[in-house]
Amino acid sequence: NLSYRGYCDCGTCECDEGWFGGTCQFQEECRVSGKKSRELCKNQQGVVCSNRGTCNCGSCMCDNDDGKSLVTGRFCECDDSECLDEDIGEVCGGHGQCYCGNCYCAAGWHGDKCEFQCDISPWESKRRCTSPDGKICSNRGTCVCGECTCYDVDPSGDWGDIHGDTCECDERNCHATYDRYTDDFCSGHGQCNCGRCDCQEGWTGKKCDHPMSCLQSLESSLKKCRGASNLPCYGRGQCLCGHCSCHPPDSRVYGKNCECDDRQCEDITGDVCGGHGYCSCGRCICEEGWFGKLCQFPRSCNMSDALSKEVCESDDGVLCSGKGSCHCGKCICSPKDWWVSGEYCECDDRECDKHDGLICTGNGVCNCGNCDCWDGWTGNACEIWVGAEY
């Protein structure tokens, strides 16, 4: 807090003794070990100060040799030169504020660099962008001067589509989870109209995935396919007349209701149970001396408790962000709160995108609020199949 390190005089910080920097954020005398300091300066990818600065007592001093202070952020991860309007030399055209390389425009201005002026009032702009359910661009786009720009959920442009004047139509709703492997809408048995399936004769169901020739009712079929899950085939296969066909058909997803997913035993690099165990129906059975969801923690180590706790402290001095315990220099996040993750238990996996009710659509792992997709998958929620056709 600046009030404990100096005072502000006409927009300039006058630092107390022992502190320096534009906001008095750096200590002249450091009481943190070099190793601890470097750990505190690492970004999510493990790079010290994002290779754009130097580490000083656990805080990053960003490289700004040009004097413009365009490299910012806790880990120097932000390049505010992206906000610079080169034509006039102003950040965000002089009509907005730059935060981590993105311009947030003042009322009446829009554009990547706030270079365009809007000729309607903010209230009229909001009114035009409000969808029938009362949400701005249906929470699927951004409103610019009364027009919605819908999110591009598929950069490849050949799957998925959000459209409509207020982004009210989401064609992804016409794809069943197992249909990620095809370009067929409505299971290939109907037509998608603004995110709703109109089924061909002989087919029924929300996504036209139930043949009317089946002797079981749709409800009975889905109930048999759900098993102990809330989703048919655990969201990993196709339910057809009470029977599940699991996907992807490469032996890692199996079981009567596709309840076993051995991909859950892999980290994003493909290592199974950290090399310290084996996978059984999507759960790691660890070798003696190891534990954890992916057998990533050794039961004993040569590290003292004091050193272990020092490594587990986040930059604010709190052990594992107050959401876990420390063991051998690694944070073990509270199992009661499944969404807590990260090196220091600082992440909230509830922030990861979902599709069909599944985090990362079951086709990747949540890494600090972002989906890391397994091979063959892409998209914000790993909902787009780009691998080989089956």
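Residues numbered from 1 in each chain as written. Predicted model: local features only at pLDDT ≥ 70, side-chain atom pairs only at ≥ 80, totals over all residues. Heavy atoms only, no water.

## Concerning the overall build of the chain
Moving on, step 1. Scanning the chain from N- to C-terminus turns up four helices and 40 strands.
Moving on, step 2. Its C-alpha atoms give the chain principal-axis dimensions of about 80 × 70 × 35 Å.
Moving on, step 3. Buried positions account for 35% of the 390 residues belonging to the chain.
Moving on, step 4. For the chain, the exposed surface amounts to about 22700 Å²; the carbon and sulfur share of it is 46%.
Moving on, step 5. Positive and negative side-chain charges of the chain, numbering 36 and 65 respectively, have mean locations separated by a distance of 9 Å. (Helix = DSSP H or I, 4+ residues; strand = E, 2+ residues; numbered from the N terminus. Buried < 20%, exposed > 50% of the residue type's maximum accessible area, 1.4 Å probe, protein only. Areas by Shrake-Rupley, 256 points an atom, 1.4 Å probe, with all protein chains shown as cover. Lys, Arg positive; Asp, Glu negative; His and termini not counted. Charge placed at Lys NZ, Arg CZ, Asp CG, Glu CD.)

## Quick notes on the pattern of salt bridges
Moving on, step 1. This model, assessed by the stated rule, comprises eight salt bridges.
Moving on, step 2. Lys 42 is paired through a salt bridge with Glu 39; the nearest N and O atoms lie 3.0 Å apart.
Moving on, step 3. Assessed through its relative accessible area of 17%, Glu 39 is described here as buried.
Moving on, step 4. One salt bridge in this structure joins Arg 252 and Glu 266, with 3.4 Å as the shortest N-O distance. Here the residue Arg 252 occupies a position in the loop between strand E24 (243-246) and strand E25 (253-254), and Glu 266 occupies one in the loop between strand E26 (260-261) and strand E27 (277-280), the gap between them amounting to 14 residues.
Moving on, step 5. Taken together, the salt bridges that share partners define one network made up of Glu 124, Arg 127 and Arg 128. (Salt bridge = Lys/Arg side-chain N within 4 Å of Asp/Glu carboxyl O.)

## Digging into the side chain of Asp 261
Moving on, step 1. With respect to the secondary-structure elements, Asp 261 resides in strand E26.
Moving on, step 2. Residue Asp 261 is classed as buried on the basis of its relative accessible area, which comes to 1%.
Moving on, step 3. In terms of polar contacts, Asp 261 uses its side chain to reach the side chain of Arg 263, at 2.9 Å.
Moving on, step 4. If sequence neighbours within four positions are ignored, Asp 261 has contacts with Arg 236, Arg 252, Val 253, Cys 281, Gly 282 and Gly 362. (Polar contact = N/O pair within 3.5 Å; in protein donor to acceptor, adjacent residues only side chain to side chain. Contact = heavy atoms within 4.5 Å.)

## Notes on the UniProt feature "domain: Epidermal growth factor-like" (unreviewed entry) in the chain
Moving on, step 1. What UniProt calls "domain: Epidermal growth factor-like" (unreviewed entry) maps, in this numbering, to residues 87-114, 265-295 and 352-382.
Moving on, step 2. Between the end C-alpha atoms of residues 265-295 the distance is 9 Å, and the span holds 0% helix and 32% strand. (UniProt positions renumbered as here; feature names shortened; annotations may be inferred.)

## A few points about the state of the cysteines
Linking two cysteines covalently through their sulfur atoms gives a disulfide.
Moving on, step 1. What the rule picks out here adds up to 31 disulfides.
Moving on, step 2. For Cys 150, the disulfide goes to Cys 167, at an S-S distance of 2.2 Å. Measuring the twist about the S-S bond at about -100°, one finds the Cys 150-Cys 167 disulfide to be left-handed. With Cys 150 in strand E16 (residues 147-150) and Cys 167 in the loop between strand E17 (162-163) and strand E18 (169-170), this residue pair connects regions lying 17 residues apart in the sequence.
Moving on, step 3. Classification of Cys 150 by relative accessible area gives partly exposed; the value is 23%.
Moving on, step 4. Of the residues examined, Cys 167 reaches a relative accessible area of 0% and is grouped as buried. (Disulfide = S-S within 2.5 Å.)

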